[in-house]
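Spelled out from the first residue to the last, the chains are:
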Amino acid sequence: MRINEEIHIREVRVTSAEGEQLGIMLTRDALRMAEEQHLDLVEVAPKAKPPVCRIMDFGKFRYEQQKREKEAKKKQKTISIKEVKLRPNIDEHDFNVKLKNALRFAEEGNKVKVTIMFRGRELSHPELGRAVLDRVSERLGDLVSIERGAKLEGKNMTMILSPKVQKPAKTAKPAKQEDKGGNGDAEN
């Protein structure tokens, strides 16, 4: 946005700080009018014929704009990918611990990358790794959806799970109960 002396066009359409149309005038006259009100002349629509300028407090405008951007950034949720690494011949207890971690990641709203690492001769039996990935997806089935199925990449087999979007449950608010007779008086 160009402001004050940065506007080099001969004529501009001017609006006041309250939003009322002041008409088309020379840029120097509009600038003088803005200076009399101790405000800035800001070009808001440079592509219009003639360009539209508004008389406003530019510092206050920028502050409010930055505040809105900061608030919008605060509300957005960043999704990251968390990884859980397993082996094809994993023990049941270890599997449950890794499954619990994957479940926690999914509940936090993150995507979960489940990786089966093969070593040596294990690579000749990829069906064992696929069976482990199937067990993971079966146990987490109602909480996650499979974004990318099992895929063998080098010595690792990976699968990416994303959390299912859960609609917040509407809960009825209990009616407030008023405290009757709270002042200690007994009525007969």
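In what follows, the structure referred to is the one given above.
Model, not experiment: these values are computed from the prediction. (Residues numbered from 1 in each chain as written. Predicted model: local features only at pLDDT ≥ 70, side-chain atom pairs only at ≥ 80, totals over all residues. Heavy atoms only, no water.)

(A) Broad picture of the sheet that holds strand S7 (residues 144-153). In spatial order, the strands read S5-S6-S8-S7; together these 4 strands make up an open sheet with mixed pairing. The open sheet has two edge strands, strand S5 (81-86) and S7, and neither has a second partner. Geometrically, the sheet is characterised by an average inter-axis angle of 20° between neighbouring strands, direction not taken into account. Its contacts with the sheet put helix H3 (residues 92-107) on S5, strand S6 (111-117), S7 and strand S8 (156-163), and the angle it makes with S5 is roughly 170°. (Pairing = 2+ DSSP bridges. Helix = DSSP H or I, 4+ residues; strand = E, 2+ residues; numbered from the N terminus. Axes fitted to C-alpha atoms, helices over the stretch in contact; angles between N-to-C directions. Contact = heavy atoms within 4.5 Å.)

(B) Region of interest: the packing of aromatic side chains. For the coordinates displayed, the defined rule picks out 1 aromatic pair. Summarising the aromatic geometry, the rings of Phe-58 and Phe-61 are spaced 6.2 Å apart at their centres and angled 35° between planes, so their arrangement reads as tilted. Here Phe-61 and Phe-58 lie together in helix H2 (residues 58-75), a separation of 3 residues that amounts to about one turn. With a relative accessible area of 16%, Phe-58 lands in the buried category. The ring centre of Phe-95 lies 3.9 Å from the NZ or CZ of Arg-135, which sits over that ring. (Phe/Tyr/Trp six-rings, centres within 6.5 Å; stacked < 30°, edge-to-face > 60°. Buried < 20%, exposed > 50% of the residue type's maximum accessible area, 1.4 Å probe, protein only. Lys NZ or Arg CZ within 6 Å of the ring centre and 35° of its normal.)

(C) Representation of the side chain of Ser-162. Structurally, Ser-162 can be placed in strand S8. A relative accessible area of 13% places Ser-162 in the buried class.

(D) Structural detail: the nonpolar core. Ranked by internal contacts, the top residues of the largest apolar core, which has 20 residues, are Leu-86, Val-112, Val-114, Ile-116, Val-136, Leu-140 and Leu-161. Mapped onto this core, the elements with two or more residues apiece are S5, H3, S6, helix H4 (126-139) and S8. Listed in part, the 10 residues of the second largest apolar core include Val-12, Leu-31, Ala-34 and Cys-53. (Core = buried A, V, L, I, M, F, W, Y, C linked by side-chain atoms within 4.5 Å.)

(E) Local environment of H2. With 18 residues, H2 extends 26 Å from end C-alpha to end C-alpha; this agrees with the ideal 26 Å at 1.5 Å per step. Between the side-chain oxygen of the N-cap and the backbone nitrogen of Gly-59 there are 3.4 Å, and the N-cap of H2 in question is Asp-57. (Expected span 1.5 Å × (residues − 1). Polar contact = N/O pair within 3.5 Å; in protein donor to acceptor, adjacent residues only side chain to side chain.)

(F) Main features of the sheet that holds strand S4 (residues 52-56). Spatial strand order, S2-S1-S4-S3: 4 strands in an open sheet with mixed pairing. Whereas interior strands pair on both sides, the edge strands pair on one side only; in this sheet they are strand S2 (21-26) and strand S3 (40-45). On average, each strand axis in the sheet is tilted by 35° relative to the strand beside it, whichever way the strands run. With 5 bridges connecting them, S3 and S4 associate as antiparallel partners. Paired with Ala-45 across the bridge in S4 is Val-52. Strand contacts of helix H1 (residues 27-36): strand S1 (11-15), S2, S3 and S4, with the helix running at about 130° to S2, the strand carrying the most contacts.

The analysis is restricted to geometry; functional conclusions fall outside its scope.
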